[in-house]
Amino acid sequence: MTSARRIEQAVDAGKHIHRFHGGLRLRHNKRISCQLAVERPPLPELLVVPLFQHAGDIAKPLVRVGDQVLKGQQIGQSQPCAAVHAPVSGIVEFIEDRPMSHPSGQAGPCVVIRADGREQWVALKPISDWRTASADSLITQLQECGLAGLGGAVFPTHAKARDGRERNIHTLILNGVECEPYISCDEMLMREQPGKIILGARILRRVLGAGRVVIAIEDQMGAVKEALTRAAERTDCENISVIKVPKVYPEGGERQLIQVLTGLEVPAGGRPSDLGMVCQNVATAAAVADAVVEGKPLIERYITVTGNGISQPRNFQALLGTSFSHLVEACGGYQDDVARLVVGGPMMGYPVATDETPVVKRSNCVLALTTQDIAEPQPEMPCIRCGECARVCPATLLPQQLHLQIRNGLWEPAEEYGLTACIECGCCDHVCPSHIPLVEWFRYGKSEQRRRALENEASDKARKRFEDREARLLKIKQERAEKMTRRKKMLKDKAFQQDRIRASIDRAKNKNNTDQNTSEADSIVGNPDDA
Amino acid sequence: MTRKFQTSGAPHMPPQARVATVMLQVLLALLPGVLAYSWFFGPGILIQIILATAFALLFEAIMLRLRGRPLKPFINDYSAVVTAVLFALCIPPLAPWWISCIAMLFAIGFAKHLYGGLGQNVFNPAMVAYVVVLISFPQAMTAWLPPLALAEHGLGLADSLVIIFTGEVPLAGGWDAVTQATPLDTIKTGVESGLLMSDIRHSPIFGIFGGLGWEWIACCFMSGGFFLLYRRVISWQVPLAVIGSVILLSLPFWLIDPDSNPFPLQHIFSGAIMLAAFFIATDPVSGCVSNRGRLIFGAGVGIITLVIRRWGGYPDGVAFAVLLMNMAAPLIDRYTRPRMYGE
């Protein structure tokens, strides 16, 4: 059965029919941040916009310190990656390395803008009618507006769209499954702006040339399905359906979501487009609508500020570059026992060392955890091979075995045990009775593998260079030797010698003849003295 | 105002389980079987459990000290206690005290710590200990008791303590008055001397489907096993494979020749099959990791046990079967790796 047919089945059933291996049912803790309507926080004075926001290279700054920038003006460029824009109008105060809200925790180049409070927009360039515009112009618009996957992977949207266009895509899947606990920004967006999401979905569908849109949401998102369905009906568009899937972490992972919707697995090392599908986050779809219809670049996003360490958890529509401390202040500040600040959810989120960290395209949640939430760290015990990790692994790996290979530096067996297939969801970590930081080992293993691959590549190149040089030298040597032997042979060859002697005698004779001839000729011409 | 935070790797949630919790659940699941055991055979088993546990913890502490490891997270992970209790359940309830001492030295010192401690042992420590003392001290290891219902003299706590610590039986008739062959012994010697199974089973030491008393102890172990299955401490593959293979393999023998082969339920409810199926062969450290591997592992344990019971020199072969399959586990693991997502 084709993947298209399987999607149709799921749509006809109106719900998921399949499931994925393992996973966890976690307490979702989402309600606490859904009590208040989404608002914009007060305008911050200083905005820090990192230039490294997408999967890809660091963008080059297009502005200098002291420059006046307008809201929405492009300030960073990176071909073929997405652009970076100024979230406010104001003055560029610094361009320097600051904490840039990246999982690595590293500092990187950031453009620091002091807002002038005028909120003066740059001239926007919307596409007048996306129904008639060419797909290429739409893709360029996405790139220029800095669109990237807002679910957390921040893969440039235009690149995904271009790749999808080149392949035969039948279904666009909008991922509204926020499977991590605490995070509720996508749910709030779907509740508050369903029309924009549907519009973005239609634009993306046109770009991809796909026939069908499936919006996947969690089964406990009460009003969301109704809101989206009503918005879809209002547009009179066919083939846009909303499917509820059960809340099992990590169902929001695109590979798991596709498995739940179709029962098919994305091939190892492949992409969903291999199955004729493209996944986009719902927030990305809304941003696409803004970018195409209004020409607005991606300068703000929905973000959840939540956790027991926050006085009044809620969702904001925050400008990129706003510091977390500013958002927390707008939430009424921290609770006394706050102990850790995490970007993202508690399973896959990364901790930050300071709340000066800015909101970037990938930040979907700021989670302030208390001492009680994180509990005191338990000592690591040896693995007792209980197999809980394998039971919950959505990639059907054997984490306990894989971990052993990495610990012992056995890289080839680690690859056999599926190191690259690990999605780092943290399920194994969570259930491990020995408290082994499995995911950290797997991340280390992956980075080590990358390093080894680079090293191998470099050494392969060096070897090739060396071998080429050797071959070249050998060739020269051989040629020289051949020449020598030819020479020696020629010298030794008697007949040849005699020929040579004869030839030289002849030459000498000829010369003499010519000399005589010339003298004769001279005499014929006559010597004026003789006359 | 900025604020600094400590960072630490994801996930940022307290872990769900501890090794100690796993082990405690195993101990809890063994409790009904232990109680049934002492109900049918007297308080000897309780003394053996206490003795073995004390020696196990002692050797655990000594070995941790020798290996320069901290006592704290290891001595109270209850893994040594599980080993001790499983061992105590395998030996005759009135075995002398030094049996436990020697056995635990081998279980904890050799089978566990010399291989690298918790999680590193290739062999099931309790079974290593049992086999060492079974082979070294066959006489002490075959002095089994009749169920209290059949005993001439019911042995109380004081009598049991005297016997275990002095080796002297404070009753007229000495050892012969208190010991009796187990049902499996009776079957083995009976069949070898040419008796019919129906005649053998007329002996009062047999119950409804297994040995008198033993069958109910096995039922209690089974119910404890179901508790572990429910709590997901063990997976269903190993118990199913052990019990299933014993039934499937003994059934044709029994159908062809019911006079010299016990019927399948007799096999399951006597000896250590039930204990092994739910508590010994399910030991994750020395077993297989994948589900298919566990099925093969369990079936191997069942088949080898039956082969030893039928043709071997010992009335029961569970311990040997488990150790042999422990040896095969890494190989089985190698060939039963589950298919990965997208592979």
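What counts and how
Residues numbered from 1 in each chain as written. Chains lettered and ligands numbered in written order. Predicted model: local features only at pLDDT ≥ 70, side-chain atom pairs only at ≥ 80, totals over all residues. Helix = DSSP H or I, 4+ residues; strand = E, 2+ residues; numbered from the N terminus. Rg over C-alpha atoms; globule rule 2.2 N^0.38 Å. Buried ≥ 20, exposed ≤ 12 C-beta atoms within 10 Å, placed from the backbone. Contact = placed C-beta atoms within 7 Å. Pairing = 2+ DSSP bridges. Core = buried A, V, L, I, M, F, W, Y, C linked by C-beta atoms within 7 Å. Expected span 1.5 Å × (residues − 1). Domains from an automatic or database assignment. Nonpolar A, V, L, I, M, F, W, Y, C, P; charged D, E, K, R; others polar.

### Description of the overall build of chain B
Turning to step 1, where the next piece is worked out: Along its length, chain B carries 16 helices and zero strands.
Turning to step 2, where the next piece is worked out: A globule of 343 residues ought to have a C-alpha radius of gyration of about 20 Å, and chain B, at 21 Å, matches this closely.
Turning to step 3, where the next piece is worked out: Principal-axis analysis of the C-alpha atoms gives chain B an extent of 85 × 50 × 30 Å.
Turning to step 4, where the next piece is worked out: Burial analysis of chain B (343 residues in total) assigns 50% to the buried set.

### Some points on the pairing of strand S11 (residues 277-281) of chain A
Turning to step 1, where the next piece is worked out: Across the five residues of S11(A), five count as buried, placing the element largely inside the fold.
Turning to step 2, where the next piece is worked out: Here S11(A) shows two buried faces, one formed by A:Met277, A:Cys279 and A:Asn281 and the other by A:Val278 and A:Gln280.

### Re the environment of A:Leu204
All names here are of chain A.
Turning to step 1, where the next piece is worked out: Position of Leu204 relative to the elements: it lies in helix H5 (residues 194-208).
Turning to step 2, where the next piece is worked out: The spatial distance from the C-alpha of Leu204 to the C-alpha of Pro103 is 29 Å, given a sequence separation of 101 residues.
Turning to step 3, where the next piece is worked out: In this structure, Leu204 is in contact with Ala161, Leu172, Gln280, Ala285 and Val288, ignoring residues within four places of it in sequence.

### Quick look at the sheet that holds strand S2 (residues 60-61) of chain A
Backbone-to-backbone hydrogen bonds pair the strands of a sheet. The strands run either parallel or antiparallel.
All names here are of chain A.
Turning to step 1, where the next piece is worked out: Ordered in space as S2-S4-S5, the three strands form an open sheet in which the pairing is antiparallel. Only two strands of the sheet have a single neighbouring strand rather than two, namely S2 and strand S5 (84-85).
Turning to step 2, where the next piece is worked out: In this sheet, strand S4 (residues 74-77) lies alongside S2 in antiparallel orientation, the contact comprising two bridges. Looking at the pairing, Lys60 lines up with Gln77 of S4.

### Structural notes on the nonpolar core
Residue and element names in this part refer to chain B.
Turning to step 1, where the next piece is worked out: Ranked by size, the top nonpolar core spans 254 residues in total, and within it Phe87, Ala107, Tyr130, Ala276 and Val322 carry the most contacts.
Turning to step 2, where the next piece is worked out: No other element matches the 11 residues that helix H1 (residues 19-41) contributes to this core.
Turning to step 3, where the next piece is worked out: With near-sequence residues (within four places) excluded, Val322 lies in contact with Asn124, Met127, Ala276, Ile280, Ala281 and Val301.

### Section: H5(A)
Residues and elements named next belong to chain A.
Turning to step 1, where the next piece is worked out: Relative to the 21 Å expected for 15 residues at 1.5 Å per residue, H5 spans 21 Å between its end C-alpha atoms, a close match to the ideal helical length.
Turning to step 2, where the next piece is worked out: Counting buried residues along H5, 13 of its 15 residues qualify, which places the element largely inside the surrounding structure.
Turning to step 3, where the next piece is worked out: Phi turns positive, to about 70 degrees, at Gly209, one or two residues after H5.

### Some details on the domain arrangement of chain B
Residue and element names in this part refer to chain B.
Turning to step 1, where the next piece is worked out: Under the domain assignment, chain B is made up of domain 1 (17-180) and domain 2 (183-333).
Turning to step 2, where the next piece is worked out: The straight-line distance from the C-alpha centre of domain 1 to that of domain 2 is 21 Å.
Turning to step 3, where the next piece is worked out: Facing the 29 residues of domain 1 at the interface are 27 residues of domain 2.
Turning to step 4, where the next piece is worked out: Those elements that provide at least two residues to the side of domain 1 that touches domain 2 are H1 and helix H6 (125-136).
Turning to step 5, where the next piece is worked out: A per-element tally of the side of domain 1 that touches domain 2 places H1 first, with 11 residues.
Turning to step 6, where the next piece is worked out: For the side of domain 1 that touches domain 2, the residue count by class is 23 nonpolar, six polar and no charged.

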